[in-house]
Amino acid sequence: MTQLYVLFSVLALMAGLLVVLQRNPVYSALSLLVAFVAMGFAMILLGSPFLGAVFLIIYAGAIITLFLFALMLLNLRRPSFDFDFSPRSYAGVIAVGAVWAATLFALFHTPELQRPFSVNASFDPAFYRMGLFQQYIVPFEILSVLLLVALVAVLALTRKEGTE
Amino acid sequence: MTLAAALAFPITLFFVGLVGVVLRRNLIVILMSMELMLNAAGLALVVFHAMDPSPAPVSLVLLLLGLAAAEVAIGLALAINLVRLEGSPDVDLARILRG
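In this text, all values refer to a predicted model and were calculated from it rather than measured experimentally.

1. Some words on the environment of Leu31(B)
Argument step 1. Looking at the secondary structure, you find Leu31(B) in helix H2 (residues 27-51).
Argument step 2. A residue is classified by how much of its surface remains accessible, and Leu31(B), at 5% relative accessible area, is buried.
Argument step 3. Expressed as a C-alpha distance, the spacing of Leu31(B) and Gly20(B), which sit eleven residues apart in the sequence, is 9.3 Å.
Argument step 4. Ignoring any residue separated from it by four or fewer positions in sequence, one finds Leu31(B) in contact with Phe67(A), Glu71(B), Gly75(B) and Leu76(B).

Printed below as a string of structure tokens:
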């Protein structure tokens, strides 16, 4: 199980690098699809098959389609969306690398995290009931309001000038 | 493999997404990188859940799915507005705070 988890994690990492490094945004979206599928399978291997299935359906199905739909809708001819090769961008990448190195250093020097890793979880609907409808009922309700607000905001944002 | 080694993958994936946000100028690719960061955080929660099963991580990942849906909807609407105004999804072209 853990070997397969490493395999799918490395696959997700490589696809994630391709998302960042591809020049064409359509290829970025397809690399993102590979990354999402790999992460969904990693979740299934980590003992959360329900989350993995939901992840595959929503992300690999709906969100990638949304991205591709937006790219096709915009129909960009001029490839003006290149990398930002300015010094501030290099400084940002170096800063991100430094924070990453510091995070990994902290990760491998925290004694509580040096336990041997094993998958103890299995699918249990009671977790979702206790979590979503008891412990996190307030964030759950806030999320429903947030989705409504996002719906109204998207309609307001994409309304053309002059049309009521 | 230790728990720290298992957590190193989602953390690295998060920083790959962060590099994308810093390095790219296309708003749609920046949104994709943000999705990558959000889902790396979700994968880290699932790693914790695999080690010590509890209701909190799986519920948070489900809430994260809804949050990401709202975020990507608004972000793509902004990208479409930017292309409509400036003809390109380059974030450096976004200088005014109105549509």
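On we go from here.
2. Let's talk about the interface of chain A and chain B
Argument step 1. Counting from both sides, the interface comprises 85 residues of chain A and, opposite them, 74 residues of chain B.
Argument step 2. The interface formed by chain A and chain B includes two salt bridges.
Argument step 3. At the surface where chain A touches chain B, the tally comes to 13 residue pairs in polar contact (both at pLDDT 80 or more).
Argument step 4. For the side of chain A that touches chain B, the leading source of residues is helix H3 (residues 49-74) of chain A, giving 13 residues.
Argument step 5. Considering only residue class, the side of chain A that touches chain B consists of 60 nonpolar, 16 polar and nine charged.

3. Notes on the pattern of salt bridges
All names here are of chain B.
Argument step 1. Under the criterion given, the structure shown has four salt bridges over all chains.
Argument step 2. Here Arg25 and Asp92 are joined by a salt bridge, their closest N and O atoms 3.7 Å apart. You can see Arg25 sitting in the loop between helix H1 (3-23) and H2 and its partner Asp92 sitting in the segment after helix H3 (55-86), a full 67 residues away along the chain.

4. Quick notes on a nonpolar patch on the surface
Argument step 1. On the surface, Leu148(A), Leu151(A), Val152(A) and Leu155(A) cluster together into a nonpolar patch covering about 410 Å² of accessible area.
Argument step 2. Mapped onto the elements, Leu151(A) comes out in helix H6 (residues 137-157).

5. What about the packing of helix H1 (residues 2-21) of chain A against helix H2 (residues 25-45) of chain A?
Residue and element names in this part refer to chain A.
Argument step 1. One can describe the packing of H1 onto H2 by two numbers: an axis separation of 8 Å at closest approach and a directional angle of 160°. Between H1 and H2, the angle is such that the two are roughly antiparallel. The element H1 and its partner H2 pack so that their crossing is left-handed. Listed contacts from H2 to Leu4, Tyr5, Phe8, Leu11, Ala12, Ala15, Gly16, Leu18 and Val19 of H1 are Ser28, Ser31, Leu32, Val34, Ala35, Ala38, Met39, Phe41, Ala42 and Leu45.
Argument step 2. Here the residues of the contact of H1 with H2 sort into 16 nonpolar, three polar and no charged.

How each quantity is defined
- Residues numbered from 1 in each chain as written.
- Chains lettered and ligands numbered in written order.
- Predicted model: local features only at pLDDT ≥ 70, side-chain atom pairs only at ≥ 80, totals over all residues.
- Heavy atoms only, no water.
- Helix = DSSP H or I, 4+ residues; strand = E, 2+ residues; numbered from the N terminus.
- Buried < 20%, exposed > 50% of the residue type's maximum accessible area, 1.4 Å probe, protein only.
- Contact = heavy atoms within 4.5 Å.
- Salt bridge = Lys/Arg side-chain N within 4 Å of Asp/Glu carboxyl O.
- Polar contact = N/O pair within 3.5 Å; in protein donor to acceptor, adjacent residues only side chain to side chain.
- Nonpolar A, V, L, I, M, F, W, Y, C, P; charged D, E, K, R; others polar.
- Patch = residues over 30% accessible without salt bridge, like charges linked within 9 Å, V, L, I, M, F, W, Y side chains within 5 Å.
- Areas by Shrake-Rupley, 256 points an atom, 1.4 Å probe, with all protein chains shown as cover.
- Axes fitted to C-alpha atoms, helices over the stretch in contact; angles between N-to-C directions.
- Parallel < 35°, antiparallel > 145°, perpendicular 65-115°, else oblique.
- Left-handed = near helix turned anticlockwise from the far one by under 90°.

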